[in-house]
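A look at the structure
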Amino acid sequence: MTSKKQLKARVRARMAKTGESYTTARLHVAGRAEVAADGGWRFSGGRHPSSAAIASVLADQGAAVSEPLVFLAGGGIGAGYILWEFRHDDSRHVVLGFRNQWQYHDRWMAKTLGRLGVPYEEHRTAGARAAATRLNAELDAGRPCIVLPDRYHLGYWHLPAALDGYGGHPVVAYRRDEDGVYLDDRGRAPIHVPRERFDAARARVSSYRNVLHVLRPDGPPDEATLAAAALDGLRDCAAHLSATSDSFSLPAWRKWARLLVDTRNAKAWPKVFADRRGLAGALLSIWEGGSRSAWTAGTCATCSPTRWTRPPRCSTGPAWPNRPRGSGRSRASGTSWRRRRCPRGCRSSPGSGS
């Protein structure tokens, strides 16, 4: 206990001196923990599932790109709000989107990998047997795959049956054995999912049934490619947040605020929850979507470029837009780069190492 108190005191002293976050200061004081591995696969951790999956696969294949830069290349942050009502179990579920094109996995993957200059293959197989055969071939060849299974069927999130078919987020399948598949879901330890359960999870949601991405990088992207990807991502982010959609862009938050107090709209909360049924579940889904320990959404905060400790290397070129020279400040956020928290030292999300 004494040694832990001493370490915390040293960390907080560095925080006071440098303005760093606790995580960053602790890395400097205590050093980075040894990277966990499972055979040849090294666990990189991560925050947002989509960007973490790409970053992990690229690192495994010797073409490392940081997760925040992957996230930015994909268009950065987004916005969205949808209230679902399910008659089969009389439940209400609020879906919040915080990533650019959060509702379109395939489109986001395509533009992100395209901007990073990473060749890839996308496979969609209707039949479970053919999908399993394709996955086996890729894993046996040593090629990790990004897949999109249903969370409930995976099992390790321990979700209630009412969430069967609600969807999931990307994870990396990096090897298999006779009994199942090993996954990396931003954790620090392997997750082994029985094969029957895993195949059912991949096939559960019809809109992206058995989708699989195989990355084939030729090497690390050069600095010019990364700079162009960052600029394209920033422009995409601005365009996305400026859109007029009240479900998939910033107006969604205004609509949500209005529906919280509207007494006439059929989708307004006073109408939907007039009988008080399902309100607790809806509030829980908001927490699950927006908190730092969320499956996806709230974790976008530490991937946003406005939270980097310093500008990325590619930002020093003349093509970087609206960056005041010599100021060390982000024009988008209006605050010092040095005061922003760094996403290094990301840890696993709940259940990702079970």
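Attention here is on the structure that accompanies the text. Everything quoted here is computed from the prediction, not taken from an experiment. (Residues numbered from 1 in each chain as written. Predicted model: local features only at pLDDT ≥ 70, side-chain atom pairs only at ≥ 80, totals over all residues. Heavy atoms only, no water.)

Remarks on the sheet that holds strand β9 (residues 191-194)
Ordered by their spatial adjacency, six strands build an open sheet running β5-β10-β6-β7-β8-β9, and the pairing between neighbours is antiparallel. Each edge of the sheet is formed by a strand with only one pairing partner; in this case those strands are β5 (120-123) and β9. Taken over all neighbouring pairs, the strand axes of this sheet differ in orientation by 35° on average, direction set aside. By the bridge criterion, three bridges tie strand β6 (residues 145-147) to strand β10 (residues 212-215) in an arrangement that is antiparallel. The residue of β10 that forms the bridge with Val147 is Leu212. Most of the contacts of helix α6 (residues 128-140) go to strand β7 (residues 171-176), to which it runs at about 75°, and overall it touches β5, β6, β7, β8 (180-184) and β10. (Pairing = 2+ DSSP bridges. Helix = DSSP H or I, 4+ residues; strand = E, 2+ residues; numbered from the N terminus. Axes fitted to C-alpha atoms, helices over the stretch in contact; angles between N-to-C directions. Contact = heavy atoms within 4.5 Å.)

Looking at empty space enclosed by the protein
In total, this model carries one cavity of 30 Å³ or more according to the counting rule given. One number sums up the size of the largest cavity: a volume of about 50 Å³. Together, Gly45, Pro49, Ala52, Ala53, Ser56, Pro170, Val171, Val172, Asp184, Asp185 and Arg186 line the largest cavity. Listing elements by their share of the lining of the largest cavity, those giving two or more residues are α3 (49-60) and β7. Considering every element that reaches the lining of the largest cavity, the biggest residue donor is α3, with four residues. (1 Å grid on protein atoms, 1.4 Å probe; cavity = no way out; pocket = protein on both sides within 12 Å on 5 of 7 lines; lining within 4 Å. Points joined across faces, edges and corners; volume = space filled by probe spheres on them.)

Function cannot be inferred from these measures alone, as they are strictly geometric.
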